[in-house]
Amino acid sequence: MPNKFFLYDYKVCDIVTMRKKHPCGSNEWIVANVGCDIKLRCRGCDHLMSMDRTNLEKNTVKVVKPESGSN
């Protein structure tokens with residue numbers, strides 16, 4: 001059940017589109033870890049950073065859930 005206090009339900013491997021671009025030119029990040037802080041990996045240069053949930057929700061434009069593998 002999603003938490004009613006948060007806008008987005010971040011999970012590992014979600015692709016997050018941010019408002020501002022990273023210096024490498026990409027604005028898409030992959031969620032690497034969810035905990036007290038959320039760790040993100042840049043899709044352009046593979047840079048790893050952590051951000052608290054409130055700042056991440058302010059800067060998020062959209063969240064794309066990964067497609068489940070079907071055989």
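Residues numbered from 1 in each chain as written. Predicted model: local features only at pLDDT ≥ 70, side-chain atom pairs only at ≥ 80, totals over all residues. Heavy atoms only, no water.

> Which parts of the structure should I look at to understand the overall build of the protein chain?
Scanning the protein chain from N- to C-terminus turns up 1 helix and 5 strands. Helices and strands appear in the protein chain in the N-to-C order β-β-β-β-α-β. Taken over 71 residues, the protein chain has a buried fraction of 24%. Sequence separation of at least 24 residues holds for 37% of the intrachain contacts in the protein chain that already meet a minimum separation of 6. With the model as given, the accessible surface of the protein chain reaches about 5200 Å², and the carbon-plus-sulfur share is 51%. (Helix = DSSP H or I, 4+ residues; strand = E, 2+ residues; numbered from the N terminus. Buried < 20%, exposed > 50% of the residue type's maximum accessible area, 1.4 Å probe, protein only. Contact = heavy atoms within 4.5 Å. Areas by Shrake-Rupley, 256 points an atom, 1.4 Å probe, with all protein chains shown as cover.)

> Looking at this structure, I do not really get the side chain of H22. What am I missing?
Tracing the backbone through its elements, the reader meets H22 in the loop between β1 (15-18) and β2 (28-34). Judged by relative accessible area, H22 falls into the buried class, the value being 18%.

> How should I be thinking about the sheet that holds strand β5 (residues 60-64) in this particular structure?
Remark on secondary structure: sheet strands pair via backbone hydrogen bonds, oriented parallel or antiparallel. The strand order across the open sheet built from 5 strands is β4-β3-β2-β1-β5, with neighbouring strands paired in antiparallel fashion. Each edge of the open sheet carries a strand with a single partner, namely β4 (48-52) and β5. Averaged over all adjacent pairs, the angle separating strand axes in this sheet is 35 degrees, with direction ignored. (Pairing = 2+ DSSP bridges. Axes fitted to C-alpha atoms, helices over the stretch in contact; angles between N-to-C directions.)

> Help me out: how do you make sense of the nonpolar core in this one?
Within soluble globular proteins, side chains that are nonpolar generally end up buried alongside one another. Within the largest apolar cluster, 10 residues are counted, these being Y10, V16, M18, W29, V31, I38, L40, C42, M51 and L56. When residues of this core are traced back to their parent elements, those giving at least two are β1, β2 and β3 (37-42). In terms of residue count, β3 provides more of this core than any other element does, 3 residues in total. When neighbours within four sequence positions are excluded, M18 is seen to be in contact with N27, W29, M51, L56, N59, T60 and V61. (Core = buried A, V, L, I, M, F, W, Y, C linked by side-chain atoms within 4.5 Å.)

> Could you clarify how one ought to interpret the environment of P66 in this entry?
Along the polypeptide, P66 turns up in the segment after β5. The class of P66 is partly exposed, set by a relative accessible area of 47%. Excluding its chain neighbours within four sequence positions, the residues that come into contact with P66 are C13 and D14.

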